Amino acid sequence: MSRTTAETEPNEPASDQPPPGDDHAFFGQPRGLLTLSGLEVWERFSFLGMQAILVLYFADTVAHGGLGMSAGTAASVSAAYGTLVYLVSVGGGWLADRILGSYRAVLYGGVLIACGHYAMAVPTATMTWVGLGLISAGTGLVKPNVATMVGKLYRTDDERRDAGFALYYMGINIGAFAGPLITGWLGDHKGWHWGFSAAAIGMTFGLVQYVAGRRHLAGRKHAAEYALPPEGMRRAVRLMIAGAIAVAVLAVVLVWAGRLTMDRFVDVLTVISVIAPVVYFAVMFRSPRVTAEERGRLKPYVVLFLASVVFNFILFQAYSTMILLASTNARTEILGFHFPAGWYASALGAFEVALAPVVAGLWARMGPRQPHASNKIAFGVILGGLSFLLMVIPTSGHSGDTYKMAAWWIVGSYLLLGLGDILLETSGMSATTKLAPKAFSSQTMSLWFLSLALANGIQAQTVKLYGEVSNPVYFGVNGAIAVAIGLVVVALAPWLRRTMHPVH
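Residues numbered from 1 in each chain as written. Predicted model: local features only at pLDDT ≥ 70, side-chain atom pairs only at ≥ 80, totals over all residues. Heavy atoms only, no water.

For the protein chain, the helix and strand inventory stands at 17 helices and two strands. When burial is assessed residue by residue, the protein chain has 51% of its 504 residues classed as buried. Of the contacts formed within the protein chain by residues at least 6 apart in sequence, a portion of 81% connects residues at least 24 apart. Here the protein chain displays about 22200 Å² of accessible surface, and carbon together with sulfur accounts for 67% of that area. (Helix = DSSP H or I, 4+ residues; strand = E, 2+ residues; numbered from the N terminus. Buried < 20%, exposed > 50% of the residue type's maximum accessible area, 1.4 Å probe, protein only. Contact = heavy atoms within 4.5 Å. Areas by Shrake-Rupley, 256 points an atom, 1.4 Å probe, with all protein chains shown as cover.)

In structure tokens, the structure reads:
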């Protein structure tokens, strides 16, 4: 039975209002936080669990159930998939705001993700590409909208908001830790498609508990918050359907004619990832709705945007070149315990779960003496570069490629990377929301996703050199560039502090 947005289910809070302030059912937080955090645990479990073995599946021989790609090509295609995910995420927020509403956008996105993982469980190359396409579309709907729904659980003056988001992000990292453990073991012992099946089951669990707990979600409307008028909505839907069909037909024709190869597809995504943020910033700088003061704050944000690109260029390789290196040149045992190479990816999530409260406590203890947001971001970039520079030591001085480094080298690299991620991501998101012009405030997540898309787009080209140049050169040059850019941001700190007001 259909209902208007003013109507609600029995015994649930109004669907467009935050729950009452006395809702402390989940560690002092609203019950809806449990539902959304649970969804994110399973979404990250499936997404990063699949990511941990995807590049290994691409690079494995056909005889062993892989796709037989070279190491560089496997890493490049994996990065292109990440590029597509974040480019689609830019449109996911708009669809929720204008057509679907946040609840339905997340629900439909979760269904697409689950279907994509089930498709990848089928042991054929065709179903792999179909699955990756479905996961990209689904993640594009889920990723920008779950955090928005978390924010709607709290009133503006609710002092529990920051603690609630801390619990929410801890859930993300729990999923990032657990996913590679399960999929990595299955991929190593049973086959890659068994690992993809585990990701599918995980996302299904997430969807079940999301729907079961829906009555605790504030902001759950059947209509979009800023819905298009009926005629405009019908026209938008028709255009999207027609556009999707046209792109699909064109792609099939180009593949059939031999004009669209995997390398060209990767190149197209990279070009789009470069053009999109350039156009986005150009629109904001030229918009008459942006004041002179806001335009002045955009200039330092460009610096921070580029710093985010550099760091995430390193971070995303935790699931590509670093996993490839671990699978070929790192020992897969610690204290006599043997484990799959994919388990290394779990170290990143584990370190972030462990270190996030420590860092938060440190900032709280330092109070006004803590570093400026721009310096936190710069330190994050430097740590990311150091995580790659560390790998120069164990990969140097070998006459061949058959050496095996101790597991602690990879773990130590992930420790630096995890700490850098905590410093940069939290400060970067906060700076994005404060520096974006008011006229574009609802699109701040799009800005952040564009930095992640660009990082993946650049990575998709750079990782082609992996396996073509020596490992010390590859990790050394990329790490040194990141450290140098981080130091440049530190040097710009006086100007950034002056122009970034009200960010502290």
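In this section: the pattern of salt bridges. Under the criterion given, the structure shown has five salt bridges. Glu43 serves as the salt-bridge partner of Arg44, at 2.7 Å between the closest nitrogen and oxygen. Here Arg44 and Glu43 have matching classes, each one buried. As a salt-bridge pair, Arg238 and Glu231 come within 3.6 Å of each other at their nearest N and O atoms. One connected set of salt bridges, linked through shared partners, spans Glu231, Arg234 and Arg238. (Salt bridge = Lys/Arg side-chain N within 4 Å of Asp/Glu carboxyl O.)

Right, let's talk about the packing of helix H2 (residues 71-100) against helix H7 (residues 230-256) for a bit. Relative to each other, H2 and H7 sit at 140°, their axes nearing to 11 Å. With respect to H7, the element H2 is oriented oblique. From H2, Trp94, Leu95, Arg98 and Ile99 reach across to H7, where they touch Met233, Ala236, Val237 and Met240. Residue classes in the contact of H2 with H7 are distributed as seven nonpolar, no polar and one charged. (Axes fitted to C-alpha atoms, helices over the stretch in contact; angles between N-to-C directions. Parallel < 35°, antiparallel > 145°, perpendicular 65-115°, else oblique. Nonpolar A, V, L, I, M, F, W, Y, C, P; charged D, E, K, R; others polar.)

Turning next to the side chain of Ser374. Assignment of secondary structure puts Ser374 in helix H12 (residues 373-389). For Ser374, the side chain forms a polar contact with the side chain of His372, separated by 2.9 Å. Residues contacting Ser374, with those up to four places away along its chain left out, are Leu304, Val489, Ala493, Leu496 and Met500. (Polar contact = N/O pair within 3.5 Å; in protein donor to acceptor, adjacent residues only side chain to side chain.)

Let us look at a nonpolar patch on the surface. A surface patch of nonpolar side chains, about 600 Å² in accessible area, is lined by Trp94, Val237, Met240, Ile241, Ile245, Val249 and Val253. Considering every element that reaches the nonpolar patch, the biggest residue donor is H7, with six residues. Within the secondary structure, Ile241 is located in helix H7. (Patch = residues over 30% accessible without salt bridge, like charges linked within 9 Å, V, L, I, M, F, W, Y side chains within 5 Å.)

Right, let's talk about the layout of surface pockets for a bit. Approximately 440 Å³ is the volume attributed to the second largest pocket. Around the second largest pocket, the lining is made up of 25 residues, and of these Thr328, Asn329, Asp401, Tyr466 and Asn471 lie nearest the centre. Those elements that provide at least two residues to the lining of the second largest pocket are helix H1 (31-59), helix H10 (321-329) and helix H16 (471-491). For the lining of the second largest pocket, the element with the highest residue contribution is H10, accounting for four residues. For the lining of the second largest pocket, the per-class residue count stands at ten nonpolar, 13 polar and two charged. (1 Å grid on protein atoms, 1.4 Å probe; cavity = no way out; pocket = protein on both sides within 12 Å on 5 of 7 lines; lining within 4 Å. Points joined across faces, edges and corners; volume = space filled by probe spheres on them.)

Overall, the coordinates contain two cavities of 30 Å³ or more when judged by the stated rule. Roughly 30 Å³ of volume is contained in the second largest cavity. Along its surface, the second largest cavity is lined by Tyr301, Leu304, Phe305, Ser308, Ile377, Leu424, Gly428 and Trp448. Every element with two or more residues in the lining of the second largest cavity is listed here: helix H9 (292-315) and helix H14 (407-435). Considering each element in turn, the lining of the second largest cavity owes the most residues, four residues, to H9. Class assignment for the residues of the lining of the second largest cavity results in six nonpolar, two polar and no charged.

Attention shifts here to the nonpolar core. In this structure, Met50, Leu54, Tyr344, Ile410 and Tyr414 are the most contacted members of the largest nonpolar core, which totals 94 residues. Residue contacts for Tyr344: discarding those within four places in its chain leaves Ile323, Ala326, Ala330, Arg331, Thr332, Phe339, Ala407, Ile410, Val411 and Tyr414. With 22 residues, the next largest nonpolar core counts Val146, Leu153, Phe165 and Ile172 among its residues. (Core = buried A, V, L, I, M, F, W, Y, C linked by side-chain atoms within 4.5 Å.)

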